[in-house]
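# Coordinates in review
Residue-level listing of the chains:
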Amino acid sequence: MSYQQTLFNQGYTSQADSTAFFLASNGKNDPNSELLATFDGLFQNSNLGDEHPRCRFPARYHWLIEKLSTSIKIPAAPKCGAFNTFRETLNAAGATMIFPAAYLNSPSSMFGHTLLRIDQHGQDKSNRILAYTASYAAKNDPSDNQLSFVFKGLMGGYPGEMTVLPYYMKLKEYRDIESRDIWEYPLNLTQEETDQMVRHLWEVSGETFDYYFFTENCSYRLLGVLDAIRSEKPMLKAFRLHAIPVDTVRAALQRGYIVDAIYRPSIVNQFQYQLDLLSPDQRDLVYGLVNHPIPEHANLEHYPAEQKAAILETAFLYSRLVTTVPQQVAAKRSLQLLRDRNELDVESPLPELPTPTQRDDQGHLSSRLQISAGKFDDQPYIGFDWRPAYHALSDPGLGYPLGSELKFVDMSLRYYQDDGLKMEDLSLIGIKSITARNRFFRPLSWTFDIGGHRVEEHEKRAWVPHIQGLAGPAWDVNGGLLYVLAGGQGQVSSKLKSGFDVRAHTSIGYLRKTHSQQFLISANFEQSAINESDPDLNLSARHDLQLSSNWNIFWEFERSKISGSYRNQYELGIKVFY
């Protein structure tokens, strides 16, 4: 029923928002009344068929009958045709938690996602894509853009709904269209627990709950399903403030639900892996077979059958991903490549992409606390930084996509010897998606930030709110990301000369991460488009050293030219993730 205590513990309320989910008129806010109404439902006329309470809420009644005294004579169960059809269709023998990893080009997907696959009797590796999944998601307006979706999702502007769909449809959405790696975590459920899971899914399928991107989201509802079948190990209470998908995977691991981890790579990563196994000439041929197929097919004939198979298989994957060719044309070329490959009587010479050495759930935890000591100009300070979620460019990279950043309420406080405690920076929402371009793919890198920071104004450092957006290209240079981004920043404050300012902003940087270290070098240029002033310049270098998964030390140096004056900043600190 998802009852929780209200604020200040003044009572209880259910997170379900549909009136049809309750048998008592005040059932949403009175669990005792709902329990009595549920008990009364046992004795209703069995001729009600699918409308009988025991047919509508089989999980609830299964639990209640187990709790009742054996001296109470319970009527025979009614025939529940719709539920029985649902149960027989799922044919459930177990379940697997599915975790599609972060998707950089969509703000609403940069956290990742979780859903359940209902594994069937007789299922094996060859047919598990035919199983069904249970997934909770916002019922958003298709006309909303990504930023609108994030804003409404944060504010509870959408209803959420649990749906049951075939797994192959979800694979197409996450792995093929959005190019997300997928981790599959089989759960150690008994048959009885699996049966109760199916009963619970029947109850909540089609019912509405308020959707909140940060709290009551896909992963939170999935934990509710697990809590409904194994109530002695509840997980929802630990996620009242936020429920980040990868954290819920960790919670399931810690409570012993998960017994294995299976990697299913995205088409993009499988393609890139196969491409790296080919020679430069063969890579040129892969590009040509999809973009200019007629002259390139003649060059293909010069290769022996095994190498020809490798080229055709890689070109086929590329034809499913290419965006520079019209979709209908790409589909025809894809079919031809598949036919050509099938004519070759040789086994595939290309191996599958190996499982990564570190899974997403083995990266650093989502919340971060940072303590530092530094000096700005001639003023020493102690810094205190806190962020409830999720990941920054300078954080340890293992388990997170290179070039990704997603921050919520990232605040930086400093205690200066002369000026006392001050808010230095605040990022309410900070997003970076920096992805390398190459001959085959040309993504646009971009950043977005809403928050505030200190600026030089009237010879004082004033606090100014801002909104900033940048975009541009990035390239892979020696295993790191070199990026050039340009855009603008809007500032509004009574402390500014004109009350507001619009500034052109350019950022050039290089990010490189190894197993235990991160390096970030950047140069930022700003010029007001309203006020006559010299451009501001900031050069910075930062080095982070990972001590363990959740402990990190760093140093940073900045050289700035602000309002014609040069300033230096030095900082040394430690970060802990929790």
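Up top is the structure.
Structural notes, computed from the coordinates. (Residues numbered from 1 in each chain as written. Predicted model: local features only at pLDDT ≥ 70, side-chain atom pairs only at ≥ 80, totals over all residues. Heavy atoms only, no water.)

This part takes up the overall build of the protein chain. Within the protein chain, the regular secondary structure consists of 14 helices and 23 strands. In terms of its C-alpha atoms, the protein chain occupies a principal-axis envelope of roughly 85 × 75 × 45 Å. For the protein chain, the accessible surface area stands at approximately 27700 Å², while carbon and sulfur atoms represent 55% of it. Once the 57 positive and 67 negative side-chain charges of the protein chain are each reduced to a mean point, those two points are 1 Å apart. (Helix = DSSP H or I, 4+ residues; strand = E, 2+ residues; numbered from the N terminus. Areas by Shrake-Rupley, 256 points an atom, 1.4 Å probe, with all protein chains shown as cover. Lys, Arg positive; Asp, Glu negative; His and termini not counted. Charge placed at Lys NZ, Arg CZ, Asp CG, Glu CD.)

What follows deals with the state of the cysteines. One pass over the full model with this rule turns up one disulfide. Here Cys-55 connects covalently by a disulfide to Cys-80, the sulfurs 2.0 Å from one another. Disulfide Cys-55-Cys-80: the torsion about the S-S bond is -75 degrees, which places it as left-handed. Of the two residues, Cys-55 sits in helix 2 (residues 53–56) while Cys-80 sits in the loop between helix 3 (58–67) and helix 4 (81–90), which places them 25 residues apart along the sequence. Across this residue pair, the class does not change: Cys-55 and Cys-80 are buried. (Disulfide = S-S within 2.5 Å. Buried < 20%, exposed > 50% of the residue type's maximum accessible area, 1.4 Å probe, protein only.)

Mapped onto the elements, Ser-516 comes out in the loop between strand 19 (500–513) and strand 20 (517–528). Residues Ser-516 and Asp-544, 28 residues apart in the sequence, show an inter-C-alpha distance of 8.4 Å. What Ser-516 contacts, discounting residues up to four positions off in sequence, is Asp-544, Leu-545 and Gln-546. (Contact = heavy atoms within 4.5 Å.)

The first and last C-alpha atoms of helix 14 (residues 327–342) sit 23 Å apart over 16 residues, in line with the 22 Å expected at 1.5 Å per residue. Residues Ala-330, Ser-334, Leu-337, Asp-340 and Arg-341 constitute the buried set of helix 14. All buried residues of helix 14 fall inside an arc of 125 degrees around its axis, so they share one side. Facing away from the buried side of helix 14, by more than 90 degrees, are the exposed residues Gln-328, Lys-332 and Asn-342. (Expected span 1.5 Å × (residues − 1). Arc of directions from axis to C-beta.)

Looking now at unusual backbone geometry. That bond from Ala-389 to Tyr-390 is cis: its omega, 20 degrees, falls within 30 degrees of zero. Residue position: Tyr-390 is located in strand 12 (residues 389–391). Positive phi, normally seen in glycine, also occurs at Asn-91, with a value near 50 degrees. Mapped onto the elements of the fold, Asn-91 is located in the loop between helix 4 and strand 3 (92–100). Relative accessible area serves as the criterion here: at 30%, Asn-91 is assigned to the partly exposed category. Even without being glycine, Asp-377 reaches a positive phi, approximately 55 degrees. Tracing the chain through its elements places Asp-377 in the loop between strand 10 (368–376) and strand 11 (379–387).

Okay, the nonpolar core next. Ranked by internal contacts, the top residues of the largest apolar core, which has 66 residues, are Met-97, Leu-187, Met-197 and Leu-226. Broken down by element, the residue count for this core peaks at six residues, all from helix 8 (residues 218–229). (Core = buried A, V, L, I, M, F, W, Y, C linked by side-chain atoms within 4.5 Å.)

Next up on the list: the pattern of salt bridges. Applying the stated criterion to the full structure yields 30 salt bridges. One salt bridge connects Arg-264 with Glu-184, and the closest N-O pair in it is separated by 2.8 Å. Of this pair, Arg-264 sits in strand 9 (residues 262–264) while Glu-184 sits in strand 7 (residues 182–186), placing them 80 residues apart in sequence. Here the two residues Arg-264 and Glu-184 agree in accessibility, since each one is buried. When the shortest N-O distance is used, the salt bridge between Asp-247 and Arg-250 registers 2.5 Å. Here Asp-247 and its partner Arg-250 are both found in helix 9 (residues 245–254), three residues apart, which amounts to about one turn of the helix. Take Asp-247: its relative accessible area is 13%, and that puts it in the buried class. By sharing partners, the salt bridges in this structure join Arg-368, Arg-387, Asp-395, Glu-405, Lys-407, Asp-410, Lys-432, Arg-542, Asp-544, Glu-556 and Lys-575 into a single network. (Salt bridge = Lys/Arg side-chain N within 4 Å of Asp/Glu carboxyl O.)

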